[in-house]
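Structural description and commentary
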Amino acid sequence: VLMSTVRHNGIIYLAFIPRLSRIWGESLPGFYRWAGGMMTVFLLLGLGLTSVVAIGGEWVVVTLLRKAFAESGQILTQLSPILLFKSLSYGFGAILVSIGWQRFRLIPQAAASILAIGVNLLAIPNFGVRGAAWVYLLSEMVLMIGYGIIVLKWIGDRKRS
């Protein structure tokens, strides 16, 4: 469920990039409007999907696979915020690609990866699968925040110039 939804966000992401890139070359106010609209779409999509999985994820797993898989349903529910984090990351990523700042995405990617490796070394032996799920949430949140900070820096640079 989570990976299928992430793939659908990727399709939306790829659809926005050419339009944003073209508008970026034509009009900064137009770019801000389109980017803001795109981010609104990703925010609403992420909130909606996160809510559906958080509310119904465990029920679906137990209904389809029976009580023996209840813990899997709980972990799916625990992971539901990833749908919001990924949605916003796709939006910020589309903006960064459109403005030619894709190379700066490596900074939050490296930070999230190093954090995930380090914290997983502690979380998995002590908390098992649930610990790994929390680390995954944390690393996706770090990635989303990192992309957002870079976009905000770019906006700040535009306002100063």
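Residues numbered from 1 in each chain as written. Predicted model: local features only at pLDDT ≥ 70, side-chain atom pairs only at ≥ 80, totals over all residues. Heavy atoms only, no water.

Turning next to the overall build of the chain. Check the secondary structure of the chain and you find 5 helices and 0 strands. The helix and strand sequence of the chain, counted from the amino end, reads α-α-α-α-α. Counting only C-alpha atoms, the chain reaches 60 × 35 × 20 Å along its principal axes. The 161 residues of the chain split such that 42% are buried. Put simply, of all contacts in the chain between residues at least 6 apart along the chain, 76% involve residues at least 24 apart. (Helix = DSSP H or I, 4+ residues; strand = E, 2+ residues; numbered from the N terminus. Buried < 20%, exposed > 50% of the residue type's maximum accessible area, 1.4 Å probe, protein only. Contact = heavy atoms within 4.5 Å.)

This part takes up helix α4 (residues 81-98). Taking 1.5 Å of rise per residue, the 18 residues of α4 would be expected to cover 26 Å, and the 26 Å separating its terminal C-alpha atoms lies within 8% of that figure. Taken across its 18 residues, α4 has 16 buried, putting it largely inside the fold. Where α4 ends, the next residue or the one after it, G100, has phi of about 80 degrees, a positive value. (Expected span 1.5 Å × (residues − 1).)

Right, let's get into a nonpolar patch on the surface. A contiguous nonpolar patch, built from W59, V60, L64, L65 and F69 and spanning about 550 Å² of accessible area, is present on the exposed surface. Among the secondary structure elements, F69 is positioned in the loop between α2 (28-65) and α3 (70-79). (Patch = residues over 30% accessible without salt bridge, like charges linked within 9 Å, V, L, I, M, F, W, Y side chains within 5 Å. Areas by Shrake-Rupley, 256 points an atom, 1.4 Å probe, with all protein chains shown as cover. Salt bridge = Lys/Arg side-chain N within 4 Å of Asp/Glu carboxyl O.)

As a further point, take the nonpolar core. Ranked by size, the top nonpolar core spans 31 residues in total, and within it L20, F31, M38, F92, I95 and L96 carry the most contacts. Put simply, the parts of the chain that give this core at least two residues each are α1 (2-26), α2, α3, α4 and α5 (106-160). Leave out the neighbours within four places in its chain, and M38 touches F16, L20, G91, A94 and I95. (Core = buried A, V, L, I, M, F, W, Y, C linked by side-chain atoms within 4.5 Å.)

Moving on to the confidence of the model for the chain. Here the chain shows a mean pLDDT of 90. Residues at 70 or above account for 92%. Here α1 stands out as the element of the chain with the lowest mean pLDDT, 71, in contrast to α5, whose mean of 96 is the highest. (pLDDT = per-residue confidence, 0-100.)

Attention shifts here to the packing of aromatic side chains. The tally for this structure, following the rule as stated, stands at 5 aromatic pairs. Ring plane angle 70 degrees and centroid distance 5.2 Å describe the contact between W24 and W154, whose orientation is recorded as edge-to-face. Of this pair, W24 sits in helix α1 while W154 sits in helix α5; the two residues are 130 residues apart in sequence, bridging distant segments of the chain. What makes W24 partly exposed here is its relative accessible area of 29%. Here W154 falls in the buried class, since its relative accessible area comes to 2%. A centroid spacing of 5.6 Å and a plane angle of 70 degrees characterise the contact between F31 and W154, whose relative ring orientation is edge-to-face. Highlighted residues: F31 in helix α2 and W154 in helix α5, separated in sequence by 123 residues. The exposure classification of F31 matches that of W154, with both residues buried. A connected cluster of aromatic rings, assembled from ring pairs, spans W24, F31, Y32 and W154. (Phe/Tyr/Trp six-rings, centres within 6.5 Å; stacked < 30°, edge-to-face > 60°.)

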